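# Structural overview for review
Here's the letter readout for the chains.
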Amino acid sequence: MLAAQAKNPSGKPVDPDRPFVLALTASGGPRIAALNAAAEAAGLTPGETLADARAKADSLQVCDVDAAADEAALRRLAFWATRYTPTASPLCKDIWGAENGADGFFLDIEGAAHLFGGEERLLADLSARLHKNFGLPARLAVAATPGAAWALSRFHAAPCVVLPPGGEAAALGPFPVEALRLSPETCAALRRLGFKTVGALLDKPRAPFAARFPAELLRRIDQALGRIDEPLVPIVPPPVYHSLRYLIEPIITQEAVIALARRLMHTLVQVLARDDVGARALRLSLYNVDGAVETIDIGLTLPTRDVAHVLRLLDLKLDALSAMRDAGFGFEAVGLAVTRVEPILARQNELIEEAGEAGRPERCAALIDTLRQRLGPHSVRRFEPVASHLPERAEILPPMTAPASWPEQETEKPRPLLILPRAEPTEVTALVPDGPPRRFCWRGVTYEVAGSEGPERIGAEWWRKNDGHRAPEPTRDYYLVEDSGGRRFWLYREGLYGRETAAARWFVHGLFA
Amino acid sequence: MREPTAFSVLRNRAAVAEELRRLLPKIEGFQRAKAIPFGLAALDHCLPQGGLAGGALHEIVPGERSTAAAFGFITALLARVARPHPLFFVLPTYGRRDYGRPYGHGLAARGLDPSRLILVKTSHRKATLWALEEALHSRAVAAVAGVIDKLDLRSSQRLQLAAADAGLPLFLLRPAELLETSAAATRWRVAAAPATRDRFGLIACARWRLMLERCRNGHAGEWTVEYDHVAHCFRLAAALADPAHAGGAGEKSFRQAG
């Protein structure tokens, strides 16, 4: 486990030689939340009121604490730190909702430390990059549990410390009780009782503590010593298969990224083939030299292990985004992760197959993937029927995920080839109360009806829950009319004379071939 | 070797022209894909391969206020393509207010299984062209259709080459106002015609007036056809008309100039 603590970064250019503080609104006026080295040299302390601080140091620069911006910056930093390991977790809140402090993050380096030549080298690399890329002084610690790492990073004298497993009790002993991440009331109560260091707590019987203090106390002690697990909430969901490549020289061009992605995909395909699964969703992460991270997510219709297809989709997506234009100094690390897998079912070939038949479903899925990549995820649709009488509700166009089937419909009633998104009102001359239309005017053109079929009565769906104050939908009588020129329309009259409405209205809903 | 005389030059020229006329469709790649015949001798006779060329671009222009008839014609052609392979339809969203969108139940009623159709919605013309080319190159679908407003000569040549390469038919619905020269193999104009009615007065089959305006290596013509969606076949309306009116049933055929 590794915990880092950084000073709050601010946005405006600030003179570093003069005292500079961040002020937080509190009871009694604004108080100092953080200060720089010059302010410390001037004798200011955190928690002091701003009025006293201004009296002590005359050229004081003050800025308000912006908690949201700090949290966003911390998340970006944790995101950048995923170049070391996919499990990076900012400190803000753990799963019990208790606060961990908002100025650092955890990294789970269990399987990643050996890639850097050991934990000390990883710490040195991380500390150097934080200083070079972000200008942040950091306090880092590696330990076997998150609680011990948190305490070491805050209260240990050295800025970088590695604790061998098993030494938590001895190392945490001399630290004050705040090192256990307890609430201020619990710490004050412990101090009143005479427990000033963690070591004093560790060798006492547990039952009296359980009776007098909230359960958080014993839980934090057990977490720090490793007796119970403390799960971390990673900032990105950890991928199933992951392949990362660090580069000696940063790369800028899209072709270089695609070539590198091809190599990464080849290594992933071997692992996927060994486990007999295919990728349904992938993420390409580009780690910029100056700390920004670009991620590109790709979804696929069918699980696939086809390198060329995935690379084509990545190429299309990189074309669409401006990731390459913002490359800056280049990307120093590129990672490809498979975030969703599905088993690939082996397909049995037909005995006699026409040329071009083999692999048609895969080609179809590849075509749909390419279209969705370039035109958007909702651009490829299919038809699906819905059990409803109202024609505009009788079918939906959901996005196409996999080819489906259109079940046989029992109705033989005439349905138009084209349906208008909203039925358009027309003026119709018809016999009252329920005669077919004789002449109608639609979009400025008058049509003489030569023949009509119908009516087909479609009533309102009374079983749908309606707000009490809305009147139920009127009944519709549909007519298929044909004019003298042979154009066929689908008209309906809304409302029954006398029963539902005094004057019926007519609409055009669709066009027949 | 004696000098070619005037007569032998002329005979050679005629022979060469005949040879070229035979070879030209092969060079242009029309003959690689199967043609889609109409099943009507009158129509198939006018088309160079006895049917709609299987690997070419065909333009369909609606007549006056007959967009639905043009859609119906495209649906009928798509239904005649070999089943059960998927079909591709590109629909720009900016035409939605003019003519609505295809209705699945209506397609099923016209004999085209809606589950075969992959519907792609695009928001501008370049995306439409790109989607059409992608579908042709992928060879995953059996036929491609789309609605497009402006098509200049170069884009139509590209689409024609892509269709010939893939051996798939490409049907494009073009609005009548924006027609230009294009490299399409055929251009049809479809207008609505009164439908055939059965003895109860109900509509039995849809009927359209087809005008083949331009056809490469073929003749132009004008017919009134009706489409039977159950049997997926076209019928000449003239054949069903009352024999007393046989003369004016609307089949006129004229040779292409030059």
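Residues numbered from 1 in each chain as written. Chains lettered and ligands numbered in written order. Predicted model: local features only at pLDDT ≥ 70, side-chain atom pairs only at ≥ 80, totals over all residues. Heavy atoms only, no water.

### Digging into the interface of chain A and chain B
Counting residues at the interface gives 49 residues for chain A and 55 residues for chain B. The contact between chain A and chain B buries some 4500 Å² in all, and 63% of this surface belongs to carbon and sulfur atoms. When the buried surface of chain A facing chain B is broken down by residue, A:Phe383, A:Leu417 and A:Leu418 rank first, second and third, together holding 15% of it. For A:Glu482, the salt bridge goes to B:Arg197, with nearest N and O atoms at 3.0 Å. Listing elements by their share of the side of chain A that touches chain B, those giving two or more residues are helix 12 (307-320), helix 13 (360-375), strand 13 (380-381), strand 16 (418-430), strand 18 (445-458), strand 19 (476-483) and strand 21 (505-512) of chain A. A total of eight residues in the side of chain A that touches chain B trace back to one element, the largest contributor, which is helix 13 of chain A. (Contact = heavy atoms within 4.5 Å. Buried area = accessible area lost by both parts, 1.4 Å probe. Salt bridge = Lys/Arg side-chain N within 4 Å of Asp/Glu carboxyl O. Helix = DSSP H or I, 4+ residues; strand = E, 2+ residues; numbered from the N terminus.)

### Regarding the pattern of salt bridges
Residues and elements named next belong to chain B. For the structure on display, the rule yields 33 salt bridges over all chains. Arg 187 is the partner of Glu 59 in a salt bridge, and the nearest nitrogen-oxygen pair spans 2.8 Å. Placement of Glu 59 in strand 1 (residues 57-62) and of Arg 187 in strand 7 (residues 186-192) is noted, with a sequence separation of 128 residues between them. Judged by its relative accessible area of 0%, Glu 59 falls in the buried class. The class for Arg 187 is buried, based on a relative accessible area of 8%. In this structure, Glu 64 and Arg 65 form a salt bridge, with 3.1 Å as the shortest nitrogen-oxygen distance. (Buried < 20%, exposed > 50% of the residue type's maximum accessible area, 1.4 Å probe, protein only.)

### Focus: unusual backbone geometry
Non-glycine residue A:Arg443 carries a positive phi angle of around 55°. If you trace the backbone, A:Arg443 turns up in the loop between strand 17 (437-442) and strand 18. Non-glycine residue B:Arg139 carries a positive phi angle of around 55°. Mapped onto the elements of the fold, B:Arg139 is located in the loop between helix 6 (125-138) and strand 5 (143-147).

### Side note on helix 3 (residues 67-80) of chain B
Residue and element names in this part refer to chain B. Its 14 residues place the ends of helix 3 20 Å apart at the C-alpha level, agreeing with the 20 Å of an ideal helix rising 1.5 Å per residue. Of all 14 residues making up helix 3, twelve are buried, and the element is well covered by its neighbours. Buried within helix 3 we find Ala 68, Ala 69, Ala 70, Phe 71, Gly 72, Phe 73, Ile 74, Thr 75, Ala 76, Leu 77, Leu 78 and Ala 79. (Expected span 1.5 Å × (residues − 1).)

### Here's the deal with the packing of helix 13 of chain A against helix 6 of chain B
Two elements in contact, helix 13 of chain A and helix 6 of chain B, have axes whose closest approach is 10 Å; the angle formed by their N-to-C orientations is 160°. With respect to helix 6 of chain B, the element helix 13 of chain A is oriented roughly antiparallel. Seen from above, helix 13 of chain A lies across helix 6 of chain B with right-handed handedness. Residue-level inspection shows A:Arg363, A:Leu367, A:Thr370, A:Leu371, A:Arg374 and A:Leu375 of helix 13 of chain A in contact with helix 6 of chain B, the latter providing B:Ala127, B:Trp130, B:Ala131, B:Glu134, B:Ala135 and B:Ser138. (Axes fitted to C-alpha atoms, helices over the stretch in contact; angles between N-to-C directions. Parallel < 35°, antiparallel > 145°, perpendicular 65-115°, else oblique. Left-handed = near helix turned anticlockwise from the far one by under 90°.)

### Focus: the packing of aromatic side chains
Under the counting rule described, the total for this entry stands at 27 aromatic pairs over all chains. With centroids separated by 5.7 Å and ring planes inclined at 35°, the aromatic side chains of A:Tyr479 and A:Trp506 adopt a geometry described as tilted. Highlighted residues: A:Tyr479 in strand 19 and A:Trp506 in strand 21, separated in sequence by 27 residues. Judged on exposure class, the residue A:Tyr479 and its partner A:Trp506 are both buried. Taken together, B:Phe38, B:Phe73, B:Trp188, B:Trp208, B:Trp223, B:Tyr227 and B:Phe234 form an aromatic cluster joined through their ring pairs. Over the ring of A:Tyr84 we find A:Arg83, and its NZ or CZ is 5.2 Å from the ring centre. Of note, A:Arg374 hangs over the ring of B:Trp130, and the distance from its end group to the ring centre comes to 4.5 Å. (Phe/Tyr/Trp six-rings, centres within 6.5 Å; stacked < 30°, edge-to-face > 60°. Lys NZ or Arg CZ within 6 Å of the ring centre and 35° of its normal.)

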